[in-house]
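# Report on the structure
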Amino acid sequence: MMFVMSLQVYDKNRTADEFMGSGVIPLKDIELYKTYEMELRLDDPKSKENDMGVIIVEVCLMFRDATIKRSPRWPAKKNKQNQATPTQRPAEPTQKNQLKNQMWSGVLRFTLIEGQDLPQYGHGDIYVRFRLGDQKYKSKNLCIQANPQWREQFDFNQFEDNQEPLQVEVCSKRGRKGEESWGMFEIDLPRFSPNERQLYTHVLDPGKGRLVFLVTLRPCWGVSISDIGTATLEKPDEKHKIVEKFSLKNSHKCVGEVGFLQVKVIKANDLPPTDLNGKSNPLCVIELGNSKLQTHTIYKTLNPEWNKAFTLPIKDIHDVIELTVLDENGDKTPNFLGKVAIPLLSVQNGQQMCLFLKKENLGSASKGNITLVLEVIYNKVRAGIRTFQPKEEKLMEDNLKFSKKVLARNIYRVRKISTAVLYTLQYIKSCFQWESTQRSLIAFLIFLVSVWHWELFMLPLFLLLLVSWNYFQLAAGKASSNQDLVNMSMGDDEEEDEKESGKKGLMDKIHMVQEVVLVVQNVLEELANIGERIKNIFNWSVPFLSCLACSVLFVSTVLLYFIPLRYIVLIWGVNKFTKKLRNPYTIDSNEILDFLKRVPSDVEKVQYSALRAPTSQSQPRKKR
């Protein structure tokens, strides 16, 4: 069977559309994901003319993107007047169906293990892309080699009404050349049984090797959308079951389930208008990690009252819940109205909050406020264990762009950390140079006593004492955990960059080396994040994490005091060498880095800080 694509040309300038010829493109000779420029000679069997002209087209054959929804654009033009003035009643059935389609019943866990017998020619990177509906992931880039080891894990929310397969594609990229597909395949999800782990070895394109991965479908609970009056935690029996499930005595059960979140989205006030009539069509999107739910749309208002309750399972107590208010814009991308971000550990259960909305970068306040009630129930033991495990990967977003403001801010953050380190080194150096007799004498006595009585357990003990000292300083009011955030600029970087994007000169040159600049920008950000997160542990910015660090340091001190170091190293080495023998598909992790990723940096502390609106502004303003 041969597939062909037909193109037909019409003249729209005539009173009636006039046929001007057609051309045919055979698809059998076209390779996937390769662009061809073709010159098609037009033909019309009914015409007496021998030469109907030619048309030049570019053709690229690819798999259909499951995230793109086909919208009835042509019929929409006929009902232009009806669309210009939408009403709430006709939209209600659509909104109800939309709310049902949001809830997922399972989580598909995809564990990417390794590649086998992949081609090694040339230099470049290889990576894997995944897509399930609008959920997209991308693995880390590895150098092209015969048997690359990814050892990564990705979670996809599985919806009951979604029958689309999971798309997996292996790609390679060499230098500035475009990416090359080494094979794309689909995984049919309905055939999976819950909690059954299946191992796959999929053969890629001829000569491209194989891909080894694990797939597990796990049931999910706790996802619901309801009115405030019928919320889950409003029912005493349901609330008692949830509290009992996450109590300390049941910590050994269902270790993967950390907690339960309920969000009541009551209303918003004083939103910015987007329509010509001075109104908006607002809706609110709730995001927790990679989970997303949304309210219905209320049309033609700046003071919407949703009165909806949402419940979500908590995978990581260090996640941040983000609420974004958008303006529905028909088939087009919704307009952004405002946003707030609240760390789960800062939630005060059952307390009604009225918060000012922020701009998209969460740096400064926007127009309007939103009224919420949050409740978090979690198990501290499971949350502590989850802290030392790899953090969930974020869904793939748009490509990062270079920003002068972000680069300058990262340089400032790294310089501030390096200045503090240099100041400490200079202070130690001054003790050797006897710039202050009293200081040098005390340092000399401490050195003699410490070296004479030094034991390895004193290292975690010293860190424990340092963290405790900062806690007492904060409790006494002599220090503040936010004292370094005064000069942290979080302005409208994106807006200013867009205004300057048209300027030529230096920015054109930077654009030529954008990849290099992005690497430098990201490396500086990682260095600044590590330094600020270590500082924020000692500053007790997140008491839960600082208490957890104190517990680990205390246990380390006791173990090092009672157990010889050689035994600890021996246990560590035996575990490291036998890990792959005990579980060939284990995912390597670094517990210290996983813990540090949960600590917010100074930038994140600014973004997650709440701007509470006065109670008087929580009411809609009356027109005079």
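Here's a quick rundown of the structure. All of these numbers come straight from a predicted model, not from anything done at the bench.

## A few points about the overall build of the protein chain
Across its full length, the protein chain carries 15 helices and 22 strands. Looking at the protein chain alone, contacts between residues at least 24 apart form 67% of all its contacts between residues at least 6 apart.

## Quick word on the packing of aromatic side chains
One pass over the full model with this rule turns up 17 aromatic pairs. Between Phe130 and Phe154, the ring centres sit 5.0 Å apart and the planes meet at 40 degrees, which makes this aromatic pair tilted. Remark: Phe154 occurs in strand E9 (residues 149–159) and Phe130 occurs in strand E6 (residues 125–132); sequence separation between them is 24 residues. Using a relative accessible area of 2% as the deciding quantity, one classes Phe130 as buried. When its relative accessible area of 1% is taken as the criterion, Phe154 is described as buried. One aromatic cluster is present, built from ring pairs that chain together Phe110, Phe130, Tyr137, Phe154, Phe156, Phe185, Tyr200 and Phe213. Lying across the ring of Tyr127, Lys138 places its NZ or CZ 4.3 Å from the centre.

## Details of a nonpolar patch on the surface
Taken together, Trp434, Leu441, Phe444, Leu445, Phe447, Leu448, Val449 and Val451 make up a surface patch of nonpolar side chains, about 790 Å² in accessible area. Of note, Phe444 is situated in helix H7 (residues 437–452).

## Considerations on unusual backbone geometry
Not every positive phi belongs to a glycine, and Lys300 is a case in point at roughly 55 degrees. Assignment of secondary structure puts Lys300 in the loop between strand E17 (291–294) and strand E18 (305–314). A relative accessible area of 40% means that Lys300 is categorised as partly exposed. Of note in this structure, Trp540 is not a glycine but carries a positive phi near 60 degrees.

## What to know about helix H13 (residues 565–582)
Between its first and last C-alpha, H13 extends 25 Å over 18 residues, near the 26 Å set by a 1.5 Å rise per residue. Taken as a whole, H13 carries its principal kink of about 30 degrees at Lys576.

## Side note on the pattern of salt bridges
Within the structure shown, the criterion is met by 15 salt bridges. A salt bridge links Arg129 to Glu169, with the nearest nitrogen and oxygen atoms 3.1 Å apart. In this pair, Arg129 is assigned in strand E6 and Glu169 in strand E10 (residues 166–173), connecting sequence segments 40 residues apart. For the salt bridge of Lys249 with Glu244, the shortest nitrogen-to-oxygen distance reads 2.9 Å. Under the relative-accessibility criterion, Lys249 is labelled exposed at 58%. Note on Glu244: relative accessible area 31%, which makes it partly exposed.

## With respect to the sheet that holds strand E12 (residues 198–203)
Two modes of strand pairing occur in sheets, parallel and antiparallel, and in both the strands are linked by backbone hydrogen bonds. Taking strand neighbours across the sheet as the criterion, the four strands line up as E9-E5-E13-E12 in an open arrangement whose pairing is antiparallel. Looking at strand neighbours, the two that pair on one side only are E9 and E12, the edges of this open sheet. Sheet twist, expressed as the mean angle between neighbouring strand axes with direction ignored, is 25 degrees. Where E12 and strand E13 (residues 210–219) come together, six bridges link them in antiparallel fashion. Within E13, the position partnered with Tyr200 by the bridge is Phe213.

## Quick word on the pairing of strand E3 (residues 35–41)
In the case of a regular strand, side chains alternate between the two sheet surfaces. Here E3 shows a clear split, with Tyr36, Met38 and Leu40 buried on one side and none of Thr35, Glu37, Glu39 and Arg41 buried on the other. Note: E3 against strand E4 (residues 54–60), seven bridges, orientation antiparallel. Directly across from Met38, in E4, lies its bridge partner Val57.

## Considering the nonpolar core
In a soluble, globular protein the nonpolar side chains are often hidden away together inside. Counting residues in hydrophobic clusters, the biggest one holds 45 residues, and the most contacted among them are Leu261, Val265, Ile321, Leu323, Ile342 and Ile370. Residues within four places of Ile342 in sequence aside, it is in contact with Val320, Ile321, Leu323, Val347, Met353, Leu355, Leu372 and Leu374.

## So, the packing of helix H6 (residues 404–432) against H7
Close contact between H6 and H7 brings their axes to 8 Å; oriented N to C, the two are set at 90 degrees. Classified by the angle between their axes, H6 and H7 sit roughly perpendicular to one another. Packed against H6, whose contacting residues are Tyr427, Ser430 and Cys431, the element H7 presents Arg439, Ser440 and Ala443 at the interface. Looking at side-chain class alone, the contact of H6 with H7 contains three nonpolar, two polar and one charged residues.

## Quick look at the environment of Val373
Residue position: Val373 is located in strand E22 (residues 365–378). Classification of Val373 by relative accessible area gives buried; the value is 10%. Separated by 22 residues in sequence, Val373 and Gln351 have C-alpha atoms that sit 5.8 Å apart. When sequence neighbours within four positions are dropped, the list of residues in contact with Val373 reads Gln262, Val263, Lys264, Ile266, Gly350, Gln351 and Gln352.

Scoring rules and cut-offs
Residues numbered from 1 in each chain as written. Predicted model: local features only at pLDDT ≥ 70, side-chain atom pairs only at ≥ 80, totals over all residues. Heavy atoms only, no water. Helix = DSSP H or I, 4+ residues; strand = E, 2+ residues; numbered from the N terminus. Contact = heavy atoms within 4.5 Å. Phe/Tyr/Trp six-rings, centres within 6.5 Å; stacked < 30°, edge-to-face > 60°. Buried < 20%, exposed > 50% of the residue type's maximum accessible area, 1.4 Å probe, protein only. Lys NZ or Arg CZ within 6 Å of the ring centre and 35° of its normal. Patch = residues over 30% accessible without salt bridge, like charges linked within 9 Å, V, L, I, M, F, W, Y side chains within 5 Å. Areas by Shrake-Rupley, 256 points an atom, 1.4 Å probe, with all protein chains shown as cover. Salt bridge = Lys/Arg side-chain N within 4 Å of Asp/Glu carboxyl O. Expected span 1.5 Å × (residues − 1). Bend = angle between axes of the 7 residues up to and from the residue. Pairing = 2+ DSSP bridges. Axes fitted to C-alpha atoms, helices over the stretch in contact; angles between N-to-C directions. Core = buried A, V, L, I, M, F, W, Y, C linked by side-chain atoms within 4.5 Å. Parallel < 35°, antiparallel > 145°, perpendicular 65-115°, else oblique. Nonpolar A, V, L, I, M, F, W, Y, C, P; charged D, E, K, R; others polar.

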